[in-house]
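Commentary on secondary and tertiary structure
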Number of protein chains: 2
Amino acid sequence: MERWFAERAWLGGPNLTENVVLTVGRGRITSIARAQSHSSADHKLDGIVIPGLVSAHSHAFHRALRGHTSDGTGDFWSWRTPMYKVANRLNPESYRELAIAVFSEMLEAGITTVGEFHYLHHDEDGQPYADPNAMGRALIEAAVHVGIRVTLIDAAYLMSNVAGSPVTPQQRRFSDGTIDAWSERVRDLNREFSGEPAVRIGVAAHSVRGVAATDLGDVARTARELNVPLHIHVSEQIAENEACKAAHGVTPARLLETVGFLGPSTTLVHATHLTPDDIDIIAATGTGVCFCPTTEADLGDGIGPAAELVEAGVHLSLGSDSNAIIDILDEARRVEYHDRLRLHSRGIHRPEDMLESATSGGAEALGWSGGGRIAENAPADFIAIDPTSSELAGTDLSTVAGLAMASTRASVTDVVVGGRRVVASGRLLAAPTALERASTLAAMAKTGEQS
Amino acid sequence: MERWFAERAWLGGPNLTENVVLTVGRGRITSIARAQSHSSADHKLDGIVIPGLVSAHSHAFHRALRGHTSDGTGDFWSWRTPMYKVANRLNPESYRELAIAVFSEMLEAGITTVGEFHYLHHDEDGQPYADPNAMGRALIEAAVHVGIRVTLIDAAYLMSNVAGSPVTPQQRRFSDGTIDAWSERVRDLNREFSGEPAVRIGVAAHSVRGVAATDLGDVARTARELNVPLHIHVSEQIAENEACKAAHGVTPARLLETVGFLGPSTTLVHATHLTPDDIDIIAATGTGVCFCPTTEADLGDGIGPAAELVEAGVHLSLGSDSNAIIDILDEARRVEYHDRLRLHSRGIHRPEDMLESATSGGAEALGWSGGGRIAENAPADFIAIDPTSSELAGTDLSTVAGLAMASTRASVTDVVVGGRRVVASGRLLAAPTALERASTLAAMAKTGEQS
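It should be emphasised that the depicted structure is a prediction, and the values quoted were computed from it without experimental measurement. (Residues numbered from 1 in each chain as written. Chains lettered and ligands numbered in written order. Predicted model: local features only at pLDDT ≥ 70, side-chain atom pairs only at ≥ 80, totals over all residues. Heavy atoms only, no water.)

Regarding the relation of the copies chain A and chain B
The transform that puts chain A on chain B rotates by 180 degrees and translates by 0.0 Å along the axis, for an RMSD of 0.0 Å. Classification of the inter-copy transformation places it as that of a two-fold axis. No C-alpha of chain A lies nearer the rotation axis than that of A410 of chain A, which sits 3.1 Å from it. Of the interface residues in chain A, 100% have counterparts in chain B that sit at the interface too, so the contact is made through matching surfaces. (Least-squares fit on C-alpha atoms with pLDDT ≥ 70 in both. Contact = heavy atoms within 4.5 Å.)

Here it is in structure tokens:
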């Protein structure tokens, strides 16, 4: 048992609590108490302690594209060309190296749990590696190596459009051929990592573009049988909605409802272009929604109806997605800012709700039930934020309003995962160094630029 | 003469140049050359050197509200209540202290020139101080104290709405009573600071809400006679447009054109809700536009038509405005991101154009003609950005794409103003310390919360 003293901590709700001692054993918070001083504690955290941030939706390899896709105009669809180029040069070894760099950056940004939405399964010819889960394992090993908690969300991706065309040559690494082959591989993966304390498996259909309506139900069944989270990209682009309506006569959300895909353990990623009926379906089934505001801006997706979803009772989580920007505190604020831009009013989401979407909302979406909180029995994942940083100086220290409206990753000083400090003074304690990471990422980016 | 060696520098256009030596004398860049090494230089700047950033529109005192206006819902108009509370508690001494804290934060964020849009002129009863320019002088002294270049934009504010109602009790500190009294005071201010090398005076009308149509022409005439920049808030809110149409039968932009307010030395701040005809008028007159994207999000203003303005040939500058966030690199990217959200496409603004709006665009808007550039005879204002920072690691170092799409204030390491280094390793070299600033800002914020 170790005792962590926090000058100020967010234990939920609108206010901060002073002088909190967290007792941690076997990677979990076992008790929470008040203390007059830090004298009896094993560790002291200055500043404001909040639960570790959660990126509930990430594609680690997209990080290689940061600052490399700005030559000329385009849209989501044209952006896929360089994205596929990076994807198609990766092997388990380089995928692991790339993920180590990205997960290191996430930890320094205060992200203690990441959901990797993983569809880059097979070799360049679309053939399974000797270990069919070599690529997924690479991501998990990278996470374990740097000390970030991970949910590896293994995504089925079997076709190239809603009409059911086969995967393109650029997509053949994604496909298991049949939904049964995908399901079998995922069950193996889940079995293999069932004993790892900081690893969970989740399952996904890539989208209604990537998995046929007849197969979506199988993906949902697999999730239920394994008792793991179920994710899918939904309505990120207007073209997807139109194609879905043309093929099935309904919106993607309605299609998912019809095949039994929705429910409390399901997370819809993006959910940008929804109808009022879609919002009703999502709310009625207890389905969650993961917004990725910086990516949705970067890719020109548009602004999703966060206010309407929350009003209907839907729980939100947040994702760094393309990792063009890695800053979950910024993502949380952008949900509010995007709604302000859209609705021309302020104070649409409460500060504490913004922070919940950045923490417990993500933990629930990734299968870490009860996590993302400073609470008894929660994983001992927490971070310290410097209230004297330039951006936070002068903000109210009794509530979370300043954190929600003004903090970024730049104010994160300490990061603790499972009771172990992995970041101090804003820097990862173990390798790789920033320079090593820069070198890895630059090499990957070059790979993407080659033909 | 001193020689500054830059590993990489942005000299304009899409590319970066390696191994650049800037010779600086009397606060200006006198020559630019290439060098094999830094051995003959007096100073070495690691990383990427770009011109100092410019916030072309700031209200320093709004910074006290950061993280303090999130209790409940509201809009731009309700936000004015706490903003006016802060305004009405300030005196020249506290205004100077507050501005020192804010300008210090700006310097650490790489902002070397600020345009302070200043309308808080008189004492609590609306009476001139013994020195009628005591409040403007407080801002200028704060800027000189911390070493930031300033254009003090003195704004006329004589009425409370477009219909011509007198200023409210909360606004009486803003008003000089008559446009002649305003003009006389501003001429005194301009005369007094004409010898200060890092200080310029500009003039403004607060808005078509704050200055009568019959007086707007006088403000423009004053600007022309003094040969100084001319600014005005325009069409930030739909309600302003509607009131202007009701009172004058035209949009604010058309009204300004009619009274001779527009032209190449005029900057329209916000310009959020424009008609196509407004855009034509603005372009035809060579008028500039200053976007403040984080404030326009924070206040729920909406997304302005940046793409259409640039397409029409209008030059953009950027402002931190309410200083809810102080990060001009972020502002530049948000212009692009907001247009992507609005137009559902990518690559709308070129990376080099985004950086120009953050540098030379702002310098031109603030009367520092030829500034905001690394060029001969420009003020020697430049900053260094760390390309190995977490956010920039792996981005292309041969172009400005990575800077435009991925950098924030967190990567700013060194700041040089007028040939003098004021920030090193991201920290202000002189007082006040971060802690002192936090204390000042917290005290000001409390003032705003009291009745």
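A closer look at the packing of aromatic side chains
Residue and element names in this part refer to chain A. In total, this model carries 18 aromatic pairs over all chains according to the counting rule given. On the basis of an interplanar angle of 35 degrees and a centroid distance of 6.0 Å, the ring pair of F76 and W79 is categorised as tilted. Remark: W79 and F76 occur in helix α1 (residues 76-89); sequence separation between them is three residues, near one turn of the helix. Residue F76 is classed as buried on the basis of its relative accessible area of 5%. Residue W79 is classed as buried on the basis of its relative accessible area of 6%. Plain terms: the ring middles of Y119 and Y157 are 5.6 Å apart, the flat faces sit at 55 degrees to each other, and that makes the pair tilted. A residue pair is termed long-range when its members are at least 10 positions apart, and Y119 in the loop between β6 (111-118) and α3 (134-146) and Y157 in the loop between β7 (149-156) and α4 (179-192) qualify at 38 residues. Its guanidinium or amino end placed over the ring of W368, R149 lies 4.8 Å from that ring's centre, counting from NZ or CZ. Cation over ring: R200 sits above W368, and NZ or CZ is 4.1 Å from the ring centre. (Phe/Tyr/Trp six-rings, centres within 6.5 Å; stacked < 30°, edge-to-face > 60°. Helix = DSSP H or I, 4+ residues; strand = E, 2+ residues; numbered from the N terminus. Buried < 20%, exposed > 50% of the residue type's maximum accessible area, 1.4 Å probe, protein only. Lys NZ or Arg CZ within 6 Å of the ring centre and 35° of its normal.)

As for the confidence of the model for chain A
Note that predicted coordinates carrying low pLDDT should not be read in detail. In the predicted model, chain A carries a mean pLDDT of 95, and 98% of its residues have values of at least 70. Under the prediction, the complex receives an ipTM of 0.96, its pTM being 0.97. (pLDDT = per-residue confidence, 0-100.)

Regarding the environment of D75 of chain A
All names here are of chain A. Following the sequence through the fold, D75 ends up in the loop between β5 (53-58) and α1. In the structure, D75 is positioned 226 residues away from D301 in sequence and 8.5 Å away in space, judged by C-alpha atoms. Within the structure, D75 has its side chain in polar contact with the backbone nitrogen of W77 (distance 3.0 Å). (Polar contact = N/O pair within 3.5 Å; in protein donor to acceptor, adjacent residues only side chain to side chain.)

A look at the side chain of S411 of chain A
All names here are of chain A. Positionally, S411 belongs in the loop between α14 (401-406) and β14 (412-417). Residue S411 is classed as buried on the basis of its relative accessible area of 1%. If near-sequence neighbours (up to four positions away) are discounted, S411 is found in contact with A384, I385, D386, S389, E391 and L392.

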